[in-house]
Amino acid sequence: MTSTIPTVIRVGKTAEGQQVNGLFFTGEDATAHEVALTINPMRDVLEIRGRGQVVDWHLSDVRLVPDQAGRQGLVLRAASDPTARVLTNDRVLAQGFPALHKRIADAPRARLAKWAVAALASVALIIFVLVPIMANQLANFIPPAGEKALGDATLEQIKSALGSEAISVKTCTNADGLVALNQMQARLSDHTDLPVPLTVTVLDHKMVNAFALPGGHVVFMRGLIDEAEAPEEVAAVFAHEIGHVVSRDPTRHALRSAGSIGVLGLLFGDFAGGALVLFLTEQLIEAQYSQGAEVAADAFAHDMLAKAEVEPAALGAMFKRLKAKYGDTDGIQAHFISHPRMAERIEAADHATPEGFVAKPILTAEAWKDLQGICN
Amino acid sequence: MIHLSSSDRPINGGPWQQGGADSHLRDTDVIPTQNRQQDLPDVEGLQGDFIGRRGRIFGLALKTSIFTVLTLGIYRFWMKTRMRRWYWSAVRVGGVPGEYVGDPFEKLLGFLIAVVILAFYIGIVNLLLMFLSYSFFQDNFAAYLLSFVGVVPLWFYATYRARRYVLARTRWRGIRFGLEPGAWGYAWRALVHWGLTLLTAGVLWPRMTFWLEKYKTDRTWYGDVRLEQEGRWQMLFPAVRHVLLPTIVGGICAIAGAYANPALFLVTAACGVWFAFGIVYYRVKSWEILTNAKRAGDIVFRAQPSPGRVFWIYVGGYFLSGFVASIFLGGFFLAAAIAAGIFSEIGASVEALAKIGEGAFAVAGVATYFAIFLIWTAMAHAFITMPLWKHYAETLTVIDPGQIGAISQRPRDEFEEAEGFAEALDVGAAI
């Protein structure tokens, strides 16, 4: 049986003293009580009167149940009573309640802070302590074939990420260029024992960058070779990346990402564009743990270059030009770049040249030309 | 105008109780559930209704998802709470709106609890799996597979827990709903049923639908009344016909097309659309059959949703939402292309564009990227979720032989973990 509440009987001009009809639910059972609702200004209460129902709600205690889809009528509750409800299809009473929109906290919130701290602490513990420790340990145990496969998979991912649409970025294969690159590699590694054979790749991309991947991968971007003014500068970057290979930084990094990406995905969830925030955060974490590794790779490069009779300051020369072109990475941006600030690295490279050092050119002028044309 | 029910009448009143002492007999115990409705001709039902307006939910969804983006996702607990309050209050049965009383803080708390547990599992287990997978298989496929398989039981577990939380925070006529604990029982049953369904190429799908629904329904309470799922799983077979028929016809035509007349491939293509309709038809029809075979004490239900209507809501809603979102997608690609420097590479760079700088375009690209998600969310609520709710609500009748007023309150289910696991695992829910 449904019935429509009869039209409002207007007694006064304001909400006070007016009587409207409504439904009252006590919160004890599902019975709908037909009631008359009156604001009594003398007693400061909303009088709820029906058959067997005599209930008073203090006016300052009356709240509107929030986010109602209905635009006519009111769904009311008392702040002190979590379950009782009054429904009326007239809004005239609304002006009589001073705290209609005041917030009520029904759920206990005391434990929230404790759990919030515990949650963030344990996530921090996992990402910054547990996962790195495990990654560092496991990186020493992963068999060479597995490490190589990990590097191959990562290189493929990077190639398709850098390419446009479905076309991966091109690998440079000019024969003369590769010969020059091999010469450079031989000269650098002659005096240093390497734990894994190197796989060197040049990608046809204008980005000024080079990086190492698990399993002895060293990858140059064409932009870096274009930017360099002397082959020694390329060799310096090469030595730096070999430094990463030797310390197995890329393997640690790949294992660390495998652990931390999932956890971050958990935290940020699938809200609009969550993937983007995820990416930025991952970058931030990266900078946290690879600064030390970068400094170590620089030191390795200085040593390797000196042994190969290349002036270690060549590393600094490359950085100087980048700094002049792009500026130092101070400020907000610095957090998103995984390398230590260039000024410090230039200085370190300049100081790394031993006294009375005599440099030998790493490539002939002709071989350097070949290397510059490796992507042609 | 709200139509408020006046079903507070005494239990012994009302025209349907003229039978006197027999009235407590549950006539539906002796008749097949499908025929139940014809046997209750005199009982006036509490008609379902939906009073929400499209513009309001569009605005609410847009506003709350902007806040969600601006707060890096923290506001999503408030967004979910507010959207649910709105939807629940829009549904009226017998003129009385539902009410959602979930609290955003308890959702945040539940989420944090789940994160503490899951972060360990996902961080450490994924790392180990990746290591083992590369060490033994020189590949990451095994890691992804095992990682996925490990999450599946958790996913069902989370689904049940989320349902328990939502029901515990749902009220109608001032009375709480509730769901008994039983998430692990649900998880293993769901795993077995899914296994059987996959093994039988979908033939036992109705069996899974029925038994999982029965598991949930039989543990659901409204106040002090327990709901019951009646009927047999075989009653869902008619609902599956528009899935089976296009599969058979499409398959035969594909074979015939390959060996005889290639024009028959057109029939196979048409069967694809038919199949899509069949999936919707099954969901709507099985919901109808199952709802009509539910009872809460003597209270029964009559659901009459139209599969065709629901299908068109999906088609129209997705088309419209996709169309509007794709307008933004065009802007996104433009900005992204400029940011990526493609313009300068193909020599189309204009002096003015270069001055604005690639950074500005990158920012514009990011902003558009978010805008697409925001627009999509709001459009999907206004043109898919809301029309679906409206249709299901308007075609539902609750048939109460005067018992409803006697239902008493049930105690509050504190359930601190709330729907944290579902939130952390992104267990899909419309809202």
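Before going into details, it helps to say that this report is about the structure given with it. Just so you know, these numbers come straight off a predicted model, no measurement behind them. (Residues numbered from 1 in each chain as written. Chains lettered and ligands numbered in written order. Predicted model: local features only at pLDDT ≥ 70, side-chain atom pairs only at ≥ 80, totals over all residues. Heavy atoms only, no water.)

Mapped onto the elements, Arg85(B) comes out in helix H2 (residues 76–90). Here the side chain of Arg85(B) touches Asp67(A) through a polar contact of 2.8 Å, side chain to side chain. (Helix = DSSP H or I, 4+ residues; strand = E, 2+ residues; numbered from the N terminus. Polar contact = N/O pair within 3.5 Å; in protein donor to acceptor, adjacent residues only side chain to side chain.)

What follows concerns the packing of aromatic side chains. Residues and elements named next belong to chain B. Considering all chains together, one arrives at 28 aromatic pairs over all chains under this definition. Between Phe 50 and Trp 86, the ring centres sit 6.1 Å apart and the planes meet at 65°, which makes this aromatic pair edge-to-face. Within this pair, whereas Phe 50 is found in strand S1 (residues 46–50), its partner Trp 86 is found in helix H2, the two being separated by 36 residues in sequence. Each member of the pair Phe 50 and Trp 86 is classed as buried. Every member of this aromatic cluster is reached through a ring pair, and the members are Phe 50, Trp 86, Tyr 87, Trp 88, Tyr 100 and Trp 389. Taking the ring centre of Phe 111 as reference, the NZ or CZ of Arg 76 above it sits at 4.8 Å. A cation over a ring is seen here: Arg 219 above Tyr 215, with NZ or CZ 3.7 Å from the ring centre. (Phe/Tyr/Trp six-rings, centres within 6.5 Å; stacked < 30°, edge-to-face > 60°. Buried < 20%, exposed > 50% of the residue type's maximum accessible area, 1.4 Å probe, protein only. Lys NZ or Arg CZ within 6 Å of the ring centre and 35° of its normal.)

Here we come to the pairing of strand S5 (residues 175–179) of chain B. Residue and element names in this part refer to chain B. Burial within S5 is extensive, with 4 of its 5 residues counted as buried. Where strand S4 (residues 170–172) lies against S5, 2 bridges are found, and the strand directions are antiparallel. Note on S5: the bridge partner recorded for Arg 171 is Arg 176. Between S4 and S5, which follow one another and run antiparallel, lie 2 residues, and Arg 173 among them has a positive phi close to 55°. (Pairing = 2+ DSSP bridges.)

Turning next to the state of the cysteines. Following the criterion strictly, the structure yields 1 disulfide over all chains and no others. Paired through a disulfide, Cys172(A) and Cys375(A) show a sulfur-sulfur distance of 1.9 Å. Judged by the torsion about the S-S bond (90°), the Cys172(A)/Cys375(A) disulfide is right-handed. In this pair, Cys172(A) is assigned in the loop between helix H2 (144–162) and helix H3 (175–189) and Cys375(A) in the segment after helix H10 (365–372), connecting sequence segments 203 residues apart. Here Cys375(A) falls in the buried class, since its relative accessible area comes to 10%. Cysteine Cys253(B) shares no disulfide, and the gap to the nearest cysteine sulfur, in Cys271(B), comes to 5.9 Å. By relative accessible area, which is 11% here, Cys253(B) ends up buried. (Disulfide = S-S within 2.5 Å.)

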